Amino acid sequence: RSVVKIVEMKRDDDVLQDSTEEMPPRRPSIDQAGWKSFLAHPFRSAADYMKRLEANFGWKFLVMLLSAYFGVKGALYTFTGLVQLPYYKKLGVDGRQYQIYGSIAVTPFAMKGFFGTISDVWPMAGYHKNSYILLAAALGSLSFLLLGSFKLSAGMSACLFFLASVETAVVDLLCEGKYAELMRMRPHTGGDIVTWVWATYHVGSLCAAGITGPISDKGHISSIFWICFPIAAQVMIPVALGWLSDPVQPASMRGFRWNKFKEHQKLFGLALCMALAALVQAIINLYFSKQIAVQTILLTSSSCSLQSLHVFGRRSLRSNRRSARLLVHC
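Quick look at the structure, then. Please read these numbers as outputs of a predicted model, since none were measured by experiment. As a convention, each chain's residues are numbered from 1 in the sequence order in which they are written. Where totals are concerned, whole chains, interfaces and linings use all residues; where local detail is concerned, this predicted model gives features only for residues with pLDDT of at least 70, and gives and counts side-chain atom pairs only at 80 or more. Only hydrogens and water are set aside; all other atoms, that is, all heavy atoms of the structure, feed into the side-chain values.

So, on to the overall build of the chain. The secondary structure content of the chain amounts to 15 helices and zero strands. Between buried and exposed lies partly exposed: a residue is buried under 20% and exposed over 50% of the maximum accessible area for its type, with that area taken using a 1.4 Å probe on protein chains only. By residue count, 36% of the 330 residues in the chain fall in the buried class. The contact criterion used is simple: two residues touch if any of their non-hydrogen atoms lie within 4.5 Å. For the chain, restricting intrachain contacts to residue pairs at least 6 apart in sequence, the fraction spanning at least 24 positions comes to 81%. Areas reported here follow the Shrake-Rupley algorithm with a probe of radius 1.4 Å; residue values treat only the protein chains shown as occluding. Per element, the accessible surface of the chain, about 20,000 Å² overall, is 64% carbon and sulfur. To qualify as a helix, a DSSP run of H or I must reach at least 4 residues; to qualify as a strand, a run of E must reach at least 2; elements of each kind are numbered from the N terminus.

Below, the discussion takes up unusual backbone geometry. Notably, Ala-125 is not glycine yet its phi reads approximately 55°, a positive angle. Within the secondary structure, Ala-125 sits in the loop between helix 6 (112-121) and helix 7 (130-149). Despite not being glycine, Ser-245 shows a phi value in the positive range, around 60°. Within the secondary structure, Ser-245 is located in the loop between helix 11 (236-240) and helix 12 (258-263).

Before going further, it helps to spend a moment on the environment of Gln-249. Inspection of the secondary structure puts Gln-249 in the loop between helix 11 and helix 12. The spatial distance from the C-alpha of Gln-249 to the C-alpha of Met-124 is 9.6 Å, given a sequence separation of 125 residues. Look past the residues within four positions of Gln-249 in its chain and what remains in contact with it is Pro-123, Gly-126, His-128 and Arg-254.

Right, let's get into the pattern of salt bridges. By definition here, a salt bridge exists when the distance from a side-chain nitrogen of Lys or Arg to a carboxyl oxygen of Asp or Glu is within 4 Å. Going through the model one piece at a time under the given rule, you end up with four salt bridges. Its salt-bridge partner being Asp-192, residue Arg-52 comes within 2.7 Å of it at the nearest N-O pair. Linking Arg-52 in helix 3 (residues 35-57) with Asp-192 in helix 9 (residues 192-217), this pair joins segments that are 140 residues apart in sequence. We classify Arg-52 as partly exposed; its relative accessible area is 38%. A salt bridge links Glu-181 to Lys-178; its shortest N-O distance comes to 3.7 Å. Remark: Lys-178 and Glu-181 occur in helix 8 (residues 154-185); sequence separation between them is three residues, near one turn of the helix. Residue Glu-181 is classed as partly exposed on the basis of its relative accessible area, which comes to 29%.

Let's shift gears to the nonpolar core. As used here, the term nonpolar core means buried Ala, Val, Leu, Ile, Met, Phe, Trp, Tyr and Cys residues forming a set that is joined through side-chain atoms within 4.5 Å. Formed by 64 residues in total, the largest nonpolar core has its most connected members in Leu-65, Cys-175 and Ile-193. Secondary-structure elements contributing two or more residues to this core are helix 3, helix 4 (59-90), helix 5 (95-105), helix 7, helix 8, helix 9, helix 10 (221-234) and helix 13 (265-287). A total of 15 residues in this core trace back to one element, the largest contributor, which is helix 8. In contact with Ile-193, other than residues within four places in its own chain, are Leu-53, Phe-57, Phe-61, Leu-62, Leu-65, Tyr-179 and Met-183.

Another aspect to go through is the packing of aromatic side chains. Working definition: a ring pair exists when centres of Phe, Tyr or Trp rings (six-membered ring for Trp) sit within 6.5 Å. Plane angles under 30 degrees give stacked, over 60 give edge-to-face, the rest tilted. Tallied over the full model, the rule gives 18 aromatic pairs. Seen in terms of ring centroids, Tyr-88 and Phe-161 are 6.0 Å apart; in terms of plane orientation they differ by 55°. Their pairing is tilted. You can see Tyr-88 sitting in helix 4 and its partner Phe-161 sitting in helix 8, a full 73 residues away along the chain. Of the two residues examined, Tyr-88 and Phe-161, each falls in the buried class. With 6.2 Å between their ring centres and 55° between their planes, Phe-114 and Phe-115 make a pair best called tilted. Three or more aromatic residues joined by ring pairs form one cluster here, namely Tyr-87, Tyr-88, Tyr-98, Tyr-101, Phe-161 and Phe-225. In this scheme, the term charge over a ring applies when either NZ of a lysine or CZ of an arginine sits within 6 Å of the ring centre and within 35 degrees of the ring normal. We note Lys-73 situated over the ring of Tyr-201; from NZ or CZ to the ring centre the distance is 5.3 Å.

Mapped onto the secondary structure, Gln-281 falls in helix 13. Counted as a polar contact is a pair of N or O atoms within 3.5 Å, where, for protein atoms, one must be capable of donating a hydrogen and the other of accepting one, and residues adjacent in sequence contribute only when both atoms are in side chains. A distance of 3.2 Å separates a polar side-chain atom of Gln-281 from the backbone nitrogen of Ile-297. Not counting chain neighbours up to four residues away, the residues in contact with Gln-281 comprise Ala-293, Thr-296, Ile-297 and Thr-300.

Patch construction takes residues with relative accessible area above 30% that form no salt bridge. Like charges are linked within 9 Å, and nonpolar side chains (Val, Leu, Ile, Met, Phe, Trp, Tyr) are linked within 5 Å. A grouping of Leu-279, Ile-283, Tyr-287, Phe-288 and Ile-292 is seen on the molecular surface, where their side chains present a nonpolar patch of about 480 Å² in accessible area. Considering each element in turn, the nonpolar patch owes the most residues, three residues, to helix 13. Within the secondary structure, Leu-279 sits in helix 13. We classify Leu-279 as partly exposed; its relative accessible area is 32%.

What follows covers helix 7. For helix 7, built from 20 residues, the straight-helix expectation of 28 Å at 1.5 Å per residue is met to within 8% by its first-to-last C-alpha distance of 28 Å. Within the span of helix 7, buried status applies to Asn-130, Ser-131, Tyr-132, Ile-133, Ala-136, Ala-137, Gly-140, Ser-141, Ser-143, Phe-144, Leu-147 and Gly-148. Here a helix's expected span is defined as the number of its residues, less one, multiplied by 1.5 Å.

With 32 residues, helix 4 should cover 46 Å at 1.5 Å per step; its first-to-last C-alpha distance of 43 Å lies within 8% of that length. Throughout, bend refers to the angle between the axes fitted to the seven residues that end at a position and the seven residues that start at it. Within helix 4, the axis deviates most sharply at Gln-84, by approximately 35°, and proline Pro-86 lies no more than four positions further along. With its phi angle positive at about 80°, Gly-92 sits one or two positions after the end of helix 4.

Set out below in structure tokens:
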């Protein structure tokens with residue numbers, strides 16, 4: 001009897017232990033945890049998030065992304081997009097011409113493939129990213145300086161807005177490539193750096209949108225360009241300090257890398273075709289009639305579609321019928 005009783009007691013202990021292991025721990029209620037702890041949780045989690053970011057990527061790279069996405073892509077891009085309507089309205093531009101000038105201003109975003117191709121195959125001054133960002137930032141700063149200092153024609157202003165968008169497109173593209181590279185090297189970080197990028201971008205865009213409206217209503221359009229000038233130039237500081245972590249290439253690796261170009265010749269050709277098509281379309285819209293612009297649109301879109309079919313092959317169309325229909329419509 002004693003042996004049977006011991007076995008039954010042991011069996012009951014095992015069942016009790018198994019049942020306690022399967023049951024998830026109960027979360028403490030707000031009353032149990034306390035209101036102070038509950039209200040402090042967002043701040044503690046944000047502090048933990050920043051500590052995790054700093055430990056994985058370093059504060060210099062985070063400041064670099066803050067400069068690029070809060071300053072350039074967030075604030076500067078929003079300023080450039082919102083200021084054009086009151087600016088061209090003040091110049092007496094009608095609605096149709098305003099749409100044309102607006103399309104010219106965003107043309108550099110269709111040329112991102114070309115910018116990325118050139119930066120990959122030609123490390124200018126020994127850098128794949130730093131040199132291009134510095135050059136684009138100098139062009140963008142100069143464009144805002146001219147827009148704020150002189151009373152220009154609508155066509156000349158469209159060209160300067162084009163240069164301003166070149167800075168935004170190049171900075172966005174090259175910084176995105178760098179943090180994507182670091183994410184592949186540190187897969188345990190998950191989407192932490194993407195959260196930082198988009199949070200800073202939206203905050204910068206919100207700040208710019210809140211500033212543009214009141215200044216435009218008072219008619220001080222040139223003041224917005226003077227605000228944009230230091231924002232466009234400030235990105236050169238962290239880049240010049242090397243905070244983008246773009247290593248300098250040795251002397252043997254400088255110059256145009258024909259081997260890499262030939263290895264991805266079709267893809268680079270597609271990027272070049274898209275960039276030329278966008279640039280030609282911008283020039284046609286600016287200086288030629290509407291009929292010629294429509295014909296150019298049909299020609300360039302058809303050539304880019306056929307070139308993409310040649311690069312990616314028919315399998316990509318078979319795997320995605322919706323893309324195939326979209327290609328036919330183009």
